[in-house]
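# Chain and residue survey
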Amino acid sequence: MPPLMGIEFLCRVADVLSDYLEGLNEDVIKDNFVIVYELLDEMIDNGFPLTTEPSILREMIAPPNIVSKMLSVVTGNSSNMGVTLPGATASCVPWRTTDIKYANNEVYVDLVEEMDAIINRDGVLVKCEIYGEVQVNSHITGVPELTLSFANPSIMDDVSFHPCVRFRPWESHHILSFVPPDGLFKLMSYRVKKLKTTPIYVKPQITSDAGTCRINVMVGIRNDPGKMIDSITVQFQLPSCVLSADLTANHGAVTVFSNKMCSWSIDRIPKDRAPALSGTLLLETGLERLHVFPSFRVGFRIQGVALSGLQLDKLDLRVVPSRLYRGFRALTRSGLYEVRS
Amino acid sequence: MAPPAQTNRSPSPSQPSGKSEVTDLKSQLRQLAGSRLPGVDDSKRELFKKVISYMTIGIDVSSVFGEMVMCSATSDIVLKKMCYLYVGNYAKVNPDLALLTINFLQRDCKDEDPMIRGLALRSLGSLNVANLVEYLVGPLNAGLKDNNSYVRIVAVIGVLKLYHISVTTCIDADFPAVLKHLLLNDQDTQVVANCLLALQEIWNGEASTSGDAMKEREALLSKPFIYYLLNRIKEFSEWAQCLVLDLVVKYVPADSNEIFDIMNLLEDRLQHANGAVVLATAKVFLHLTLSMTDVHQQVYERIKAPLLTLVSSGSPEQSYAVLSHLHLLVMRAPYVFSADYKHFYCQYNEPSYVKKLKLEMLTAVANESSTYEIVTELCEYAANVDIPIARESIRAVGKIALQQYDVNAIVDRLLQFLEMEKDYVTAEALVLVKDLLRKYPQWSHDCIAVVGNISSQNVQEPKAKAALIWMLGEYSQDMSDAPYILESLTENWDEEHSAEVRLHLLTAVMKCFFKRPPETQKALGAALAAGLADFHQDVHDRALFYYRLLQHNVTVAERVVNPPKQAVSVFADTQSSESQRPHF
């Protein structure tokens, strides 16, 4: 068996199950074990993976949701198997059936990016990279062919595509030409590296003296990206030699959990003052200074901008149906964003 | 996060409690068995769910077998699925009762709905009972010729299952020939992939006994067949692609043109979203170009980017698997990756097995230009909460120091470690400073100045203590307190548990004596006396040896114990032979 095939398959099974059951934990599996058996039956046979595309599986086995539960109570029919075989298994484009019809045709393209960065205690950016995905949500009649092009494709360092993307147009002109599966799917993922700037800064200061430690963390915006940054959180783990912590913030809420994890949720930076967290940490007896410094994990979300600078150029259909609505959004989130102290 | 509060849930059908439930079920099923009331399907479904849930948890429900079979006469697919699942599980134990279900299964194999046909075939195949196999052959034959591809897919895997139950039936019914025909001619790629899988397994099993099977297996690796598969590779599903790529690895191409053709064809697989496909393609490339060294180097460059992306995206398990492969490549060709060292920086929340591997790779890719930054990064990890990782990172700094020629900054860093008050940091750093001095004796002044300040009480670990003592002995002319420290250590001889430390102490005291005789004389006497009385064989022998040498001739003793030494140029254990073996 090729390396990674087992692990990838297990990750895929987990993804499909959590997609169907909206979450993945023991209780959910126990409550829906019939669906789980059915899915496993279709996904793997005698040890070899068969069909794992979620859109195909949805046609064969309907997911349990409120609507179908209500329907089944009303009509007394709780079979969730499709009566006919999904048309997709017979078509040449295995991820799309041939007889889809919508009254309103629409296609939305989302650029979802995650920024990973490491910043050391002097505020210098050690490493910064962005992992992004282009997600497409399409509801279009028939079997459409889409082409998507970027204004600056050369900043992307490494790309990988959904199987539906044709390779030649990308190789020659950096154009994505594809027949999309119906609904939401991940068209391609890319990596952009060597970024120089980060949107927010977090300045931690820890001083220790004779058994107690003072800690001071400041958060602010640097290199304003133009759009509102929200859902800002700062989390850090107190080292085990700290007995207790007394922290207050002038904006947002601070919580210290029983496993010594501190979480400060700021949400948005107010215009009039810079949010700051300060407090004291009590060290265990005998310890003069703090030797182990925690790392701060920063979370944020910026809607409306892709920090890598990637821009979409155009999105066309080969045959434009009567009413087509196109939408485009961008979102940047923090990935593993770490500030050392 | 605080754990969610425990909710009070009413017992669902998946939380059964006892054996009496089984007999209850039996009677309830029997009641429903012949009934044709409209609501009966729902109640049957609930009961079946209970039976399956008991089965899953491990409670033995085989006694309801008869009733289950009676109830399975239904047109509801979910009920059928549950019934066949149950039958498949218990058929081995109750083969005669399994015979009862064969009727239903055979009837379902001829049903109009292809999903039901497929389901029935799959369940027939999972029955796994030897004397029922003759009932399997007919439906399988029909299934292989079915005009719906879903049924064909299931039939092919069914042939493989039959092979595992009963080899002779499978071969006698001539299934391999039918499969081969499908393999070469079927339109649906999933059928082709399943045929490939089934035939590979069957022929591998037969190859030891039958010459035909061996020939067929060789034929799989023939050029026309491989090219046929490669030309259609994009149409296969991602898992089937992995299978095809696995086969291609075993193929031996005739000349370099073929090699380039194959590589051009597979180039775009490196950009597939599925990591298993990317890795399998990388394996093919590396294997094909093993004999062509310059193309091999280019292949490293080409697969670098996708592999590095895979390291950082995906679950920790995937990261670890890809990192292990990268580790191999980095060991073979470190200069290819020397610009990408930033990818191997550790995030603080990664699991420790991933961090450990990344540390090894950082030491391997360090070269003159990146040493400073890498060492800075490693020093950050030394302050990490995770103690084994902190130790590993200090050792990594030491390894880099031993590999490079320009060690200014590194020595400063190591000496800074010695001043940190954490005992494990000091311990690791001492061991490294000792090795550093063996290679670069010119740094002795700076190092000794710092080491001399370390109180020997703080150092408890045997390796570190031994390192400290070695330095005391070797550089006793520079360290003013050396004889007195050694003397106090000798006084604690009996409390010293490690034989290694005692051995080093003996030698160090001797060396110190040769350089500063008047101060060390008393310590020497005490050490030799204690050594001779020691119960450990090595310590005793060494003490005796030194005593007799000194009695014989002091200058000879000095030549033996403390000759002028050369700096060590290469340490033997930095060269690992494992990375030189061919691995592809």
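Residues numbered from 1 in each chain as written. Chains lettered and ligands numbered in written order. Predicted model: local features only at pLDDT ≥ 70, side-chain atom pairs only at ≥ 80, totals over all residues. Heavy atoms only, no water.

## Section: the overall build of chain A
Counting secondary structure elements, chain A contains 6 helices and 19 strands. Evaluated residue by residue, chain A yields a buried proportion of 48% over its 341 residues. Long-range pairs, those at least 24 residues apart, make up 73% of the contacts in chain A between residues at least 6 apart in sequence. Put simply, chain A shows about 16300 Å² of open surface, and 53% of that area lies on carbon and sulfur atoms. (Helix = DSSP H or I, 4+ residues; strand = E, 2+ residues; numbered from the N terminus. Buried < 20%, exposed > 50% of the residue type's maximum accessible area, 1.4 Å probe, protein only. Contact = heavy atoms within 4.5 Å. Areas by Shrake-Rupley, 256 points an atom, 1.4 Å probe, with all protein chains shown as cover.)

## What about the confidence of the model for chain B?
All names here are of chain B. For chain B, the mean per-residue pLDDT works out to 77, and 89% of the residues sit at or above 70. The low-confidence segment residues 1–16 (pLDDT under 50) makes 16 contacts with residues lying over four places distant or belonging to another chain. Overall, residues 576–580 carries pLDDT values under 50, and its contacts beyond four positions in sequence, including any with other chains, amount to 4 contacts. Predicted complex metrics record ipTM = 0.71 and pTM = 0.73. (pLDDT = per-residue confidence, 0-100.)

## A look at the interface of chain A and chain B
On the chain B side, the residues contacting the 59 residues of chain A number 76 residues. When chain A packs against chain B, close to 6300 Å² is buried across both sides, 57% of that on carbon and sulfur atoms. The interface formed by chain A and chain B contains 4 salt bridges. With a shortest N-O distance of 2.6 Å, Arg 12 of chain A and Glu 238 of chain B are connected by a salt bridge. Along the contact surface separating chain A from chain B lie 9 residue pairs in polar contact (both at pLDDT 80 or more). (Buried area = accessible area lost by both parts, 1.4 Å probe. Salt bridge = Lys/Arg side-chain N within 4 Å of Asp/Glu carboxyl O. Polar contact = N/O pair within 3.5 Å; in protein donor to acceptor, adjacent residues only side chain to side chain.)

## Some details on the confidence of the model for chain A
Mean pLDDT over chain A: 79, with 89% of residues reaching 70 or higher. Predicted confidence is poor over residues 75–92 of chain A, with pLDDT under 50, and the contacts of this stretch with residues over four places away or in other chains come to 38 contacts.

## Looking at unusual backbone geometry
Residues and elements named next belong to chain A. Positive phi outside glycine occurs at His 174, with the angle close to 55°. Its place among the elements puts His 174 in the loop between helix H6 (167–173) and strand S8 (175–178). Residue classification places His 174 among the partly exposed positions, given a relative accessible area of 35%. Positive phi values are uncommon outside glycine, yet Lys 260 reaches one of about 65°. Structurally, Lys 260 is set in the loop between strand S14 (253–256) and strand S15 (261–267). Residue class for Lys 260 comes out partly exposed when judged on its relative accessible area of 25%.

## Remarks on helix H29 (residues 537–552) of chain B
All names here are of chain B. Over its 16 residues, H29 extends 22 Å from the first C-alpha to the last, a length consistent with the 22 Å expected when each residue adds 1.5 Å. Residues of H29 that are buried: Val 539, Ala 543, Tyr 546, Leu 549 and Leu 550. Taken end-on, H29 shows its buried residues confined to a sector of 130°, consistent with a single buried face. Exposed residues pointing more than 90 degrees away from the buried face of H29 are listed as Gln 537, Arg 548, Gln 551 and His 552. Taken together, the buried residues of H29 touch helix H27 (499–515), helix H28 (517–533) and helix H30 (554–561). (Expected span 1.5 Å × (residues − 1). Arc of directions from axis to C-beta.)

## What to know about the packing of helix H25 (residues 462–474) of chain B against H27 of chain B
All names here are of chain B. In the contact formed by H25 and H27, the axes pass within 8 Å of each other and the chain directions differ by 10°. As far as their axial angle goes, H27 and H25 are roughly parallel. In this structure, H25 contributes Pro 462, Lys 465, Ala 466, Ile 469, Trp 470, Gly 473 and Glu 474 to the contact, and H27 contributes Glu 500, Val 501, His 504, Leu 505, Ala 508, Lys 511, Cys 512 and Lys 515. When the residues that make up the contact of H25 with H27 are grouped by side-chain class, the tally is 8 nonpolar, 2 polar and 5 charged. (Axes fitted to C-alpha atoms, helices over the stretch in contact; angles between N-to-C directions. Parallel < 35°, antiparallel > 145°, perpendicular 65-115°, else oblique. Nonpolar A, V, L, I, M, F, W, Y, C, P; charged D, E, K, R; others polar.)

## Focus on the packing of aromatic side chains
All names here are of chain B. Enumeration over the complete set of coordinates arrives at 10 aromatic pairs over all chains. Centroid distance Phe 225 to Tyr 228: 6.2 Å. Interplanar angle 35°. Geometry classified as tilted. Taken together, the positions of Phe 225 and Tyr 228, both in helix H13 (residues 223–231) and 3 residues apart, correspond to about one turn of that helix. With a centroid separation of 6.2 Å and 55° between ring planes, the pair formed by Tyr 341 and Tyr 345 is classed as tilted. Comparing Tyr 341 with Tyr 345 shows no difference in burial state: the two are buried. (Phe/Tyr/Trp six-rings, centres within 6.5 Å; stacked < 30°, edge-to-face > 60°.)

## Considerations on the domain arrangement of chain B
Residue and element names in this part refer to chain B. Each assigned domain of chain B is listed with its residue range as follows: domain 1 (1–93), domain 2 (314–451) and domain 3 (455–569). Averaged C-alpha coordinates put domain 2 and domain 3 at centres separated by 31 Å. Contacts between the two partners involve 15 residues from domain 2 and, on the opposite side, 15 residues from domain 3. Taken as a group, Leu 430, Arg 438 and Ile 448 account for 35% of the area that domain 2 buries against domain 3, more than any other trio of residues on that side. One can count 0 salt bridges joining domain 2 with domain 3. For the pair domain 2 and domain 3, the interface holds 0 residue pairs in polar contact (both at pLDDT 80 or more). Sorting the residues of the side of domain 2 that touches domain 3 by element identifies helix H23 (423–439) and helix H24 (444–451) as the ones contributing at least two each. Sort the elements by how many residues they give to the side of domain 2 that touches domain 3 and H23 lands first, with 10 residues. (Domains from an automatic or database assignment.)

## Notes on the sheet that holds strand S4 (residues 125–139) of chain A
All names here are of chain A. The sheet built from 9 strands is open, its strands ordered S6-S9-S4-S3-S19-S17-S12-S15-S14 with mixed pairing. Looking at which strands have only one partner, the edges of the open sheet turn out to be strand S6 (158–161) and S14. Neighbouring strand axes in the sheet, compared pairwise and without regard to direction, differ in orientation by 15° on average. (Pairing = 2+ DSSP bridges.)

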